[in-house]
Amino acid sequence: MIWFIKNSVTRKNLMALTGLFLSFFLIVHLAGNLQLLLPEVQAKLQYNAYSQFLGGNPLVILISFVLYACIILHTVDAIYLGIKRKKANGVSCSKDKRGRASTWYSRHMMALGIIVFVFLVIHFKDYWYRYKFGELPLDENGNKDLYTLVIVSFEQLWYVILYVIAIVALGYHLLHGVFSAHRSIGLYHPVYNSIIKVLGIIFALVITIGYIIIPIFIYINHQT
Amino acid sequence: MTKITDTKVPAGPLAEKWSNYKATAKLVSPNNRKKFEVIVVGTGLAGASAAASLAEMGYNVKSFCFQDSARRAHSVAAQGGVNAAKNYRNDGDNVYRMFYDTIKGGDFRSREANTYRLAECSASLIDQAVAQGVPFGREYGGYLRNRSFGGVQVSRTFYARGQTGQQLLLGSYQALLRQQKKGKVKLYTRHEMLDLVLIDGKARGIIARNLDTGEIERYAANTVVLATGGFGKIYYLSTLAMGCNASAIWRAHKKGAYMANPSWTQIHPTCLPQSGEYQSKLTLMSESLRNDGRIWVPEAKSETRPPGEIPEEERDYYLERKYPSFGNLAPRDIASRAAKEQIDLGKGIGPLKNAVYLDFSKAIEENGKDIIAERYGNLFTMYRKITGIDAYKEPMKISPAAHFSMGGLWVDYELMTSIPGLFAIGEANFSDHGANRLGANSLLQACVDGYFVLPYTLQNYIGNETDRSTPPIDHPAFAEAEDKVNRQMERFLSCKGKRTAEDFHKILGRELYDKCGLLRTKKGLEEAIQNIRRIRKEFEEDLMVPGDAKEVNSELEKAGRVADYMELAELMCIDALEREESCGAHFRAEHQTGEGEARRDDENFSYSAAWEWTGNISAPNLKKEPLIFETVTPTIRSYK
Amino acid sequence: MKIILKIWRQKNRQDKGEFCDYVLEDVTRDMSFLEMLDMLNNKLVKQGDRAVEFDHDCREGICGQCGVMINGIAHGSLKNTTTCQLHMREFKDGDTIYVEPFKASAFPVVRDLKVDRSSLDHIIVSGGYVSVDTGQAPEANNIPVTYEEAESAFDAAACIGCGACVASCKNSSAALFTGAKITHLARLPQGEKETASRTMAMVDQMEQENFGHCSNTEACQVECPENISVLTIARMNYEYNRAKILFKK
């Protein structure tokens, strides 16, 4: 359907709306994940029960489909815009210093997005796929034991490093993406724009720090 | 020497002439209008507004400009504002007063009826521009704001910060493009008109060069309108754009259109001084700066202290001293001449001793920096970009520079030249400003000609025409004109001399500025004529134009323009020499009062000098259009 | 001052083009960048070589005709400045300067440093005007426009159409140019009436001219000679969405 959109404003709208939804999801996801920081016994039961609840709630299932759609649309739209961009650029300058006028991460949303996307694939494969379709042992309450799966994976240093890199990339992606999305859908008032800009920075920071704390906390706690 | 008697000024009292004209002018029915082709050369305020207005009426318009977009015509550079007798300020303004200010400002050397019409149509222009979305300065309550300008004692100047010309031009450019969308205007950008085509003595087409491909192209029409602006660039150093030229009107002149008062060039008092040999232009700083800036020079010759260290009592605010009632707002010709006088006395400042100070310290003290920044912010920024100096902290250095051509193609009341079917509007014609143009009247004239006058007068011409067909472009007249154009370019390319067109232009400009600029003498002008002939001969023999005619070739474009300047320059000197009086911008040293003011000679020179091409550059034929003042009585123009 | 120039020379649209090296010895600090190019051309022509073709006209920063990439930056290193307002005092003795034309698919090279920017005109043609004929205008003071409205409309209207925004944009987007015109007219009661149809037409035209999308890097505002605000782009997006949702034909 992206190929049918006839102009860049609508395409950017799609980018913005899917992006904003994904950002919203990041909050929910973070809230869930922060349970991993609870004392071990409590964390295990609560986290697994939480996962079980999400998997069984029809509303959540419905939203999860929206989420998958958003990921796909956001990605496909980005690829399409990338192609359009190449076409619009034509032959570029041999000596190119255009970058001095903007931030590096705003110019490299595509690269940051690719890192995040690659990470997502791994992330889905390691947790989502195994939780949904794989065999997992049950915990004391009879829920699938996702908790142990997560803890085990974060005991490996390389996995933590990979995770941190991806989250930092995501952080920069958000740093530009959140306020840019508001612009794309047409927030033009200067005051609200400065508010959004600050909120965007806070949001990116909170998400980045929030997600990074978890694997590092687990890794350090389980070094015996 | 013959007299021009038929100026087509309608009968009746001054205030009713234009209404009378409109009431009796021929009309063309809406259905028939689409059968007529009009060529408009130039897309500045005059050209774009005329092309758009005519297209709106239903005519098919072909619009030409040499720039890469119609929006870049030099009207874009006008800064200060546009005058209109709206009397929004309740300060006693009205059409008559505006007319009188303009005709007095022009030193009683313009045609009464034209000047009155200019004032009369001024109010509608503001309405039109506002409707197009021109963001004029406003009061907080939402009503239009005004400021005052040189040579008047009321506030009738409307402005859009320091970019009034740009905003007005965008208005007419947008109107033009709107007609392009409707298919009524066909726009030819990067096309330069190289000749006018006459069939049976009437203007019926042009030869243009496509500057992107070098192709010579023919365009036919029922009438041709020239809106190609002024030729102040002839002085090389001027406030004009690099591409401004006289070629279109000069080539029309050589086809029979009279040139009127070509030597009357306004030298603008507030420009940035020349700082070196390489310099290509003198940037204008809007005259509006004189509302708040005070002009002075040090009392002592060869002063070396920086301006801030020169105490008040050692400064000479010469405009305030000499013209107490107008002070720093004295008209341009007077302010320029006064500056030249100070510079010639050795009181000039700056490294080349060629400038005077324009000081804002008092205004900043009285109003605060913010108010001054709001009024002139972009000018101060521009000043800093060019000179590297912060004018909020130290005074600007300014000097006079060639700016506006009051002269141009002679036109009658209908704005038609002496060639039937050829109209000239805006700065390209000579009509409304006399010997000196008041500030903020040039945007006005361009717009009034294009929006409100030409649509009536051109229609009157078409309505009276019996031959209603567009001539075929294979008519022998086109072939002949094209051939001439090709031969000239061939000459430039095959010359293979040692100097560039720009070299010649600089020499010519210097000569003219020295001898036919702010101050003219019989001896100087006679010398200048000799020198110009010599320079012209050298130009013919020693010009270097590399490349080919059938490609982008800016050197070839320049060569054509300079060749025309070489001829026009001589006519300017002949014109200045012939006029044994001082009036407005034309100041002959032999004709001044004891106090050094201009001395007009109404008895012998109350006429416009229209020159007819004879085939011999040095022997043009003078036709005099007597200036008949039915309403005003010419007086000594005093701004004391 | 000695300056080493590497200038892009290209004979016509089809030609591949290449850098040519030139050395100028007597450049002075007060020269403008374009006067330095004049100096070069004067030298080239006297040798019988083709002059470097570049666009320029008013040389006071308002016509928008000049514009080249200087060391990879549109209009050179000074922010919010046109090429003609850039002076050689910004360079040092012995500097090497790369000069290239503005590059974007929508701006094909005509020759050397000259590009064809008629695509910007086409965007205006598609709807960047108020539909008023000569003579239809009402008395100017009939519709008050507040000081703030007029000033903010002016801020957007100040665009000189030089194309530096496109050249500075990593996506070669003309969003700032288009947004500026839409905002200018939408801010005024005279222009506001047609905002919906105007915005839709202009946005579609941008696409047809092969301009890219806007990703809000904000580089355009930095290089824009008139410092046009990037918020005009957001205004365009807003007006476009509003039109798509609310506009009835």
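Fair warning: this is a prediction, and the values are worked out from it, not measured in the lab.

### Some points on the domain arrangement of chain C
For interface size, the figure often reported is the accessible area lost on association.
Residues and elements named next belong to chain C.
Part 1 of the reasoning: When cut into domains, chain C gives domain 1 (3-114) and domain 2 (118-246).
Part 2 of the reasoning: Just the C-alpha atoms count here: the centres of domain 1 and domain 2 sit 29 Å apart.
Part 3 of the reasoning: Opposite the 19 residues of domain 1 that make contact, domain 2 presents 20 residues.
Part 4 of the reasoning: Buried surface at the junction of domain 1 and domain 2, summed over both partners, amounts to about 1400 Å²; 61% is from carbon and sulfur atoms.
Part 5 of the reasoning: Among the residues of domain 1 in contact with domain 2, N80, A106 and F107 are the three that bury the most area, contributing 37% of the side total.
Part 6 of the reasoning: The interface formed by domain 1 and domain 2 contains 0 salt bridges.
Part 7 of the reasoning: There are 4 residue pairs in polar contact (both at pLDDT 80 or more) connecting domain 1 and domain 2.
Part 8 of the reasoning: For the side of domain 1 that touches domain 2, a count of residues per class yields 10 nonpolar, 7 polar and 2 charged.

### Structural notes on the UniProt feature "transmembrane region" (unreviewed entry) in chain A
Part 1 of the reasoning: When the UniProt feature table is mapped to this numbering, "transmembrane region" (unreviewed entry) covers residues 59-83, 104-124, 157-175 and 195-220 of chain A.
Part 2 of the reasoning: With 100% helix and 0% strand, residues 195-220 of chain A has end C-alpha atoms that lie 37 Å from one another.

### Focus: the side chain of T195 of chain C
Residues and elements named next belong to chain C.
Part 1 of the reasoning: Relative to the helices and strands, T195 resides in helix α7 (residues 195-208).
Part 2 of the reasoning: Look at T195 and you get buried, because its relative accessible area is 6%.
Part 3 of the reasoning: Within polar-contact distance, the side chain of T195 engages the backbone oxygen of E192 at 2.6 Å.
Part 4 of the reasoning: With sequence-adjacent residues up to four places away left out, T195 is seen in contact with A186 and E239.

### Notes on the nonpolar core
Part 1 of the reasoning: Membership of the largest hydrophobic core comes to 210 residues, with the highest contact counts inside it found for F136, I206 and I234 of chain B.
Part 2 of the reasoning: Among the elements that line this core, the one with the most residues is helix α16 (residues 554-578) of chain B, at 14 residues.
Part 3 of the reasoning: Judged by nonpolar contacts, the second largest core, of 35 residues, contains A43, Y105, Y131 and I218 of chain A.

### Concerning a nonpolar patch on the surface
Part 1 of the reasoning: A contiguous nonpolar surface patch, about 630 Å² in accessible area, is contributed by V191, Y192, I195, V198, L199, I202 and V206 of chain A.
Part 2 of the reasoning: Its place among the elements puts V191 of chain A in helix α8 (residues 190-221).

### Overview of the environment of G509 of chain B
Residue and element names in this part refer to chain B.
Part 1 of the reasoning: For G509, the location among the structural elements is in helix α14 (residues 501-515).
Part 2 of the reasoning: As for G509 and K233, which are separated by 276 residues in sequence, their C-alpha atoms are 8.2 Å apart.
Part 3 of the reasoning: Excluding residues that lie within four positions of it along the chain, G509 makes contacts with I234, Y235 and Y236.

Reading the values: the criteria
- Residues numbered from 1 in each chain as written.
- Chains lettered and ligands numbered in written order.
- Predicted model: local features only at pLDDT ≥ 70, side-chain atom pairs only at ≥ 80, totals over all residues.
- Heavy atoms only, no water.
- Domains from an automatic or database assignment.
- Contact = heavy atoms within 4.5 Å.
- Buried area = accessible area lost by both parts, 1.4 Å probe.
- Salt bridge = Lys/Arg side-chain N within 4 Å of Asp/Glu carboxyl O.
- Polar contact = N/O pair within 3.5 Å; in protein donor to acceptor, adjacent residues only side chain to side chain.
- Nonpolar A, V, L, I, M, F, W, Y, C, P; charged D, E, K, R; others polar.
- UniProt positions renumbered as here; feature names shortened; annotations may be inferred.
- Helix = DSSP H or I, 4+ residues; strand = E, 2+ residues; numbered from the N terminus.
- Buried < 20%, exposed > 50% of the residue type's maximum accessible area, 1.4 Å probe, protein only.
- Core = buried A, V, L, I, M, F, W, Y, C linked by side-chain atoms within 4.5 Å.
- Patch = residues over 30% accessible without salt bridge, like charges linked within 9 Å, V, L, I, M, F, W, Y side chains within 5 Å.
- Areas by Shrake-Rupley, 256 points an atom, 1.4 Å probe, with all protein chains shown as cover.

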